[in-house]
Structure formats: C-alpha cells, structure tokens
Amino acid sequence: MFLEGKNINFGYVAEKQVLNGVSFALDKSETLSVVGASGCGKSTLLRIISGILPAAKENQGQINIKGQTPDEYRKSGKLAFMFQEATLMPNLTVKENIAFPLKIKGIKDDERVKNLLYTVGLEEHSNKLPKELSGGMKTRVALARSFVTGPELLLLDEPFSALDIAWKSKLYIELERLREQYHTTIIFVTHDVQEALVLSNKVIVLGKSGITLCKDTIETDFNISDRVLDISGYIDTPDYQKYFIFIQKLIMDDGVRAITEKVEVDAILSKISIAAANGNKLWDSFDQDIKSIREHSNNPKVYSLLTDAFQRAESTDFKYGLVWDILHYNALPDNVRKEVFDFYFANVDYLSAKSADEFYEVNPERIFFALVETRINGDRKKYPKEKLWIYLCDLYHSSETNKVLNYLDNVIEGKIEQLDYPFAKEVAQKVKEKIKNEKVDALHIA
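Below is a summary of the structure that appears in this document. Model, not experiment: these values are computed from the prediction. (Residues numbered from 1 in each chain as written. Predicted model: local features only at pLDDT ≥ 70, side-chain atom pairs only at ≥ 80, totals over all residues. Heavy atoms only, no water.)

Across the sheet, 6 strands lie side by side as β5-β6-β7-β3-β8-β9; this open sheet has mixed pairing. Each end of this open sheet is capped by a strand with a single partner; those strands are β5 (79–82) and β9 (212–217). This sheet shows a mean twist of 10° between the axes of neighbouring strands, independent of strand direction. Both strand β3 (residues 31–35) and strand β7 (residues 185–189) contribute to a ladder of 4 bridges, which runs parallel. Bridging from a neighbouring strand, Val34 pairs with Val189 of β7. Helix α1 (residues 42–50) contacts β3, β5, β6 (153–157), β7 and β8 (202–206) of the sheet and is inclined by roughly 155° relative to β6. In the packing of helix α5 (residues 135–147) onto the sheet, the strands contacted are β5 and β6, and the crossing angle to β5 comes to about 170°. (Pairing = 2+ DSSP bridges. Helix = DSSP H or I, 4+ residues; strand = E, 2+ residues; numbered from the N terminus. Axes fitted to C-alpha atoms, helices over the stretch in contact; angles between N-to-C directions. Contact = heavy atoms within 4.5 Å.)

Structure follows, in structure tokens:
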C-alpha cells in the first residue's frame, strides 16, 4: 500500500469538528477523488496528508506514506500540492514559475520545462508574468509546475474550477498522461461529481463535519485513459449513471440536514418531546424529522432532549425511533447506553424482526450475512464501532441459530476485532443465553 489513512479526526477547536474518522487506502499510481459540499473538510484533509497542518491534540488517527509520516514525506521532495488558487510567484515569468521547484533542488532542465509548456498550451506565453494571464492560464501554469519534479504524490485542490469545459477536457487528458508517465499517485478534491468519476479509481464522499458518507472503488470497463478520451461516451454508460445518481443523492441529503437551522432543530425537538410526554404511540410521522437533525445529534442539548423523550415515551416504536440518534452522541454515559440496551433487549424479538424488515430488508435466513458483512464489517463511519452491539441483538432474528451462537462465542472470547470491547461482550453473552433459552428447539448441535 502506497498511502493509507486510518481514523483521521481533526478539529480547530473543541466545538468544531472538521474531520471525523476518515479512512482510505491507495496503491501506487491510483487516483482518489474526495467530493462533498463546501465545509465538509475536503481541503483540510489534503493539508493534513501534506503535513502542512501540524500534528495536534485535536488531530487523531494515522497517515502512512511509504512508511513515513506526512511531515517526513513532505521533506523528501516527492510531494507536489496544487492549491485552488494558482499561487504563482508574481515576479517570475510563466517559464520561470514552472521551473521554480527544479531551481530549489539545484536542477536545470529546460527540456522538461519546454515539454510541460507545450502540454498545457502556453508556449507562446512563456515569458509573460502572472498578472498578464487569465485565471485559466494561471491554473495551467500551476498544473505544469506541479509535475515538473515528477512527483510520487500529487495533491490537487479543485484545480480545474476556473477553467471552461474545453480546457477542462484537454487538461483531464494531460493530467492522465502525466500520471501514467510519472506513475504519480493523486488525491483530487472537487465539488464536481462528474469530474471525480472521470478522473478517479476511488471516491470518498464526505458529509458535514467530515464524516464519511461513502467510499467506493469505481468499477467500469472504461479505465481512466478511456474516460478522459471519451467523456460523453463514458457518462452515457449504466456504470457511470449508477455512481453519479447515488453520490449526488448522498450529497443532496447531507446538505438538507446541514442547512437545518437551529430554530428548526428546536422546533423538531419540541414536537418530539411533547409527543413522547403525551403518550404518542406513532413514530412514522417523526422519522424524517429525526433524520433532518442528525447533523446536530452530537450537541449536548439535543442529546439531552432526545434522551428525555426516550425516557418519557410509552410506545416501543417511539422509543425505537430515537435509539440510533441517542447512541450517536460521542460522550454517551454508560448508564444511558445500558438503559438503551435494556429496552432493546426486553423487546428484542419484536425489534430485531422490525429492523430486518425495515432497515436490512432481509428474511431470517439472510440476516446473519447482512449484519456481519455489511454492518459489523462495514464502513466504520456509517456503522460506528460503539454501536455495533445493537446488531448482536438483531442476530436474535436469524434462523441460522448455530452460526449465530458460534459468532457470539467468538465475540465473548474477543476474537472479533470490531467487537473486542467489554459492552459488546456483555451484550453477546446475554443474547446467547436468550437464544439458548428460547430457541432451544431450533438448535441442532451434534
């Protein structure tokens, strides 16, 4: 693995989390695109990978680039970073700007600079100063400068946003040619989902506060060279449409949650609290409300009101609707976690079946696979480790009793890495005992 990031968290202040548990991995010469709405931490992630943002108490996790930290790798001279703004040296000509990284290294290579000038179409402008260039031309100079040292790792922060479609299409081709020539690994930040799907092997979608909405490898018969040479042909394929529609919807849904104003959050919480206090037994009408304030569920006030509604509610369905967001709170006290578990466990027959039907959409014969492979072994931001114990409860609904009991034994013995913590082991023990006591007729133990 050329580059790997594990559980990257970053915040400038305690109340402002910018990145939240981001993980990714890249082989040599792969391209990763990072997409998402403004403010989701895309550019911050690049700066952490580059070592520009120093290690701090608020920055947890690990980044490994060929066995080095970002700061060590940056000092090796094998990294190039192209910012959203061209950041050219104002007193140097186009040619001198492109050659500047070589000059710092004490290298003179006029032929390489000349070739890059040709690649980005600026041969006739080589002696102009940046103030004489358009925004698009400055971008092309910056791209050429990024490749002049033949970098192993190139970080691009929305490099083509100032270009028209014609120059974008041309530079997509040149970027891919340069990547192939130098075997460069690229991490590419963009708002443009189409651009990400054209230029990348892998995509991460970040949501508000830097959570990972999804990460995926682009599987298609079109390699990146094919895509950049025939963009219209590629975007007309079912593969492209599948990824594009899915990612766009993720970003749009996340945006709706993000723009829910504080007054709306208060109104929604008030509505939920009143309904719980009045013995409302129907949850369905609040389902969209709770999803719309999920961005705020780590706020202590929001958490407190949700917990109060949970404790007041008389309806099992109403309590069930609040569980996931209460568990989302980072500083959840152990006694509240136990209270939620006691409720869930007391109603596990009904709730595990309800979850299978409504969320997993599988029957008892398939629920074991669905929970273990897609949830417990799934994306840690979508299915956080601290919540995985709830899927142990839902295993109660599985008809594959022997398989479930064996798995629960492995959890109890600490053999499942994702569930190797005391509360998960306690849950596994109780679920195992309940299954053996209540489903003994279904057991076929040799």
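Text resumes after the structure shown.
Okay, the environment of Asp394 next. Relative to the helices and strands, Asp394 resides in helix α18 (residues 389–394). In this structure the C-alpha to C-alpha distance between Asp394 and Ala356, which are 38 residues apart in sequence, comes to 7.7 Å.

Before going further, it helps to spend a moment on empty space enclosed by the protein. As enumerated under the stated definition, the model contains 1 cavity of 30 Å³ or more in all. Of the pockets and cavities examined, the largest cavity occupies roughly 50 Å³. Every residue lining the largest cavity is listed: Thr31, Leu175, Glu176, Arg179, Ile186, Phe188, Leu199 and Ile224. The set of elements that each furnish at least two residues to the lining of the largest cavity consists of α6 (165–182) and β7. The greatest single-element share of the lining of the largest cavity, amounting to 3 residues, is contributed by α6. Within the lining of the largest cavity, the residues separate by chemical class into 5 nonpolar, 1 polar and 2 charged. (1 Å grid on protein atoms, 1.4 Å probe; cavity = no way out; pocket = protein on both sides within 12 Å on 5 of 7 lines; lining within 4 Å. Points joined across faces, edges and corners; volume = space filled by probe spheres on them. Nonpolar A, V, L, I, M, F, W, Y, C, P; charged D, E, K, R; others polar.)

Once that is clear, we can look at the layout of surface pockets. Considering only enclosed or pocket space, the second largest pocket measures out at about 450 Å³ in volume. Along the wall of the second largest pocket there are 19 residues; nearest its centre are Leu79, Ala80, Phe81, Pro101 and Arg145. When contributions to the lining of the second largest pocket are tallied by element, the ones reaching two or more residues are β5, α3 (94–104) and α5. Looking at the lining of the second largest pocket, the element that brings in the most residues is β5, giving 4 residues. Its residues assigned to classes, the lining of the second largest pocket shows 11 nonpolar, 4 polar and 4 charged.

Right, let's talk about helix α4 (residues 110–119) for a bit. The set of residues buried in α4 consists of Val113, Leu116, Leu117 and Thr119. Burial along α4 is one-sided: seen end-on, the buried residues are contained in an arc of 160°. Exposed residues on α4 whose side chains face more than 90 degrees from its buried face are Asp110, Lys114 and Tyr118. Looking one or two residues beyond α4, the residue adopting positive phi is Gly121, at roughly 70°. (Buried < 20%, exposed > 50% of the residue type's maximum accessible area, 1.4 Å probe, protein only. Arc of directions from axis to C-beta.)

We now examine unusual backbone geometry. Trans peptide bonds make up most of the peptide bonds, and negative phi angles are found at most residues other than glycine. For Asn7, which is not glycine, the phi dihedral falls at a positive 50°. Among the secondary structure elements, Asn7 is positioned in strand β1 (residues 3–13). Take Asn7: its relative accessible area is 43%, and that puts it in the partly exposed class. Phi angles above zero are rare outside glycine, and Lys66 is one such case at about 50°. Position of Lys66 among the secondary structure elements: in the loop between β4 (60–65) and α2 (70–75).

With 5 of its 5 residues buried, β8 lies for the most part within the structure. Judged by which residues are buried, β8 turns out to be covered on both faces: Lys202, Ile204 and Leu206 on one side and Val203 and Val205 on the other are all buried. As defined by bridge partners, β3 adjoins β8 across 4 bridges and the pair is classed as parallel. The partner of Ser33 across the bridge, within β8, is Val203. Examined bridge by bridge, β8 and β9 share 5 bridges and lie antiparallel to one another. Along β9, the bridge assignment pairs Leu206 with Thr212. Between β8 and β9, which follow one another and run antiparallel, lie 5 residues, and Ser209 among them has a positive phi close to 60°.

For the pair helix α15 (residues 334–346) and helix α20 (residues 422–438), the least separation of the axes is 12 Å and the interaxial angle reads 15°. Comparing the axis directions of α15 and α20 gives the class roughly parallel. Considering how the two elements wind past one another, α15 and α20 form a crossing that is right-handed. When α15 is examined against α20, the residues Arg337, Lys338, Phe341 and Phe345 are found in contact with a partner set consisting of Phe423, Val427, Lys430, Val431 and Lys434. (Parallel < 35°, antiparallel > 145°, perpendicular 65-115°, else oblique. Left-handed = near helix turned anticlockwise from the far one by under 90°.)

We now examine the packing of aromatic side chains. Geometry of an aromatic ring pair is reported as the spacing of the ring centres plus the angle between the planes. Summed over the entire model, instances satisfying the criterion amount to 19 aromatic pairs. Considering the side-chain rings of Phe341 and Trp389, the 5.9 Å spacing of their centres and the 80° angle between planes classify their relative orientation as edge-to-face. You can see Phe341 sitting in helix α15 and its partner Trp389 sitting in helix α18, a full 48 residues away along the chain. Note on accessibility: Phe341 and Trp389 belong to one class, buried. An aromatic cluster is present here, built from Phe222, Tyr234, Tyr240 and Phe244 joined pairwise through their rings. Over the ring of Tyr243 we find Lys242; its NZ or CZ atom is 4.7 Å from the centre of that ring. (Phe/Tyr/Trp six-rings, centres within 6.5 Å; stacked < 30°, edge-to-face > 60°. Lys NZ or Arg CZ within 6 Å of the ring centre and 35° of its normal.)

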